[in-house]
Amino acid sequence: EVSLPPANPTAQVSPEPSDAGNEVTETPYEETGRILDECLALIGMSDEESASMLGGGEQSFAADGKTLIGRVYSAEIFGESVKPGTSYDEKGRVNGVSIYLGEPDNTKYAEVLTALYGEPDEVNGGDNEGGNEWMDWYVDGVQLRLYQGYGLCSISINAVPQNKG
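All figures in this text were calculated on a predicted structure; none of them were measured in a lab.

1. A closer look at unusual backbone geometry
Notably, leucine 54 is not glycine yet its phi reads approximately 55°, a positive angle. Using a relative accessible area of 7% as the deciding quantity, one classes leucine 54 as buried. For tyrosine 150, which is not glycine, the phi torsion reads 55° and is therefore positive. Mapped onto the elements of the fold, tyrosine 150 is located in the loop between β9 (142-149) and β10 (152-159).

2. Looking at the pattern of salt bridges
Tallied over the entire structure, the rule returns 5 salt bridges. Residue glutamate 49 is joined to arginine 93 by a salt bridge in which the shortest nitrogen-to-oxygen separation is 2.9 Å. Pair noted here: glutamate 49 is in helix α2 (residues 47-50) and arginine 93 is in the loop between β5 (85-88) and β6 (94-101), with a separation of 44 residues, a long-range link. Its relative accessible area of 43% is what places glutamate 49 among the partly exposed residues. For arginine 93, a relative accessible area of 33% puts it in the partly exposed group.

3. Side note on the confidence of the model for the protein chain
Averaged over every residue, the pLDDT of the protein chain is 84; the share at 70 or more is 77%. At the level of individual helices and strands, the protein chain shows its lowest average pLDDT in strand β7 (residues 122-125), which scores 88, and its highest in β6, which scores 97.

4. A few points about the nonpolar core
For soluble globular proteins, nonpolar side chains are generally found buried alongside one another. Phe78, Ile99, Leu101, Leu113, Ile155 and Ile157 are the most contacted members of the largest nonpolar core, which has 33 residues in total. Beyond its immediate sequence surroundings of up to four residues, leucine 113 is in contact with Leu36, Phe78, Gly118, Trp137, Leu144, Leu146 and Ile155.

5. Section: the pairing of β5
Pairing analysis gives 4 bridges linking β5 to β6, with the strands arranged antiparallel. Bridge assignment links threonine 86 to a residue of β6, and that residue is valine 97. The turn joining β5 and β6, which pair antiparallel and follow one another in sequence, is formed by 5 residues; a positive phi near 80° is taken by glycine 92.

6. Here we look at the environment of proline 104
With respect to the helices and strands, the residue proline 104 is situated in the loop between β6 and α3 (107-117). When the C-alpha positions of proline 104 and cysteine 153 are compared, they lie 5.6 Å apart, and in sequence the two are 49 residues distant. If we skip the residues at most four places from it in the chain, proline 104 touches Gln148, Gly151, Leu152 and Cys153.

Basis of the calculations
Residues numbered from 1 in each chain as written. Predicted model: local features only at pLDDT ≥ 70, side-chain atom pairs only at ≥ 80, totals over all residues. Heavy atoms only, no water. Buried < 20%, exposed > 50% of the residue type's maximum accessible area, 1.4 Å probe, protein only. Helix = DSSP H or I, 4+ residues; strand = E, 2+ residues; numbered from the N terminus. Salt bridge = Lys/Arg side-chain N within 4 Å of Asp/Glu carboxyl O. pLDDT = per-residue confidence, 0-100. Core = buried A, V, L, I, M, F, W, Y, C linked by side-chain atoms within 4.5 Å. Contact = heavy atoms within 4.5 Å. Pairing = 2+ DSSP bridges.

This is how it looks when you write it as structure tokens:
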């Protein structure tokens, strides 16, 4: 006969998940994909159009305090709190999104991005003077670049250069 240890009275037991009346919770992996898709969609938007994206962003002004240069948002991707920032072109449209990441090595980021968007379209494995590495994915006319260099990782999202994609 098998005897079980006594139950821990302070243990927390989670109820079985149910779709009935409960909000579906995203996994960090799904949340990363959703947030990055929103960042991709920002390209080409006006300030007014981009204001409510990613839960709402704050306007960012140049040093003169008058020139609007983009927006800064708060989000969570790869299980990290990040501050995606947009930049505007001369017409006031989003032409880039920058996201600085917390880890100095791009391995975990590359794995998730590859799972989300497939194999990178271009890879530079650090065979340049500075030893910097990057991987590019082209998604619906937009370039998503994972960059690693100087002990930092970042993602940049831009309109696809004319000779790419």
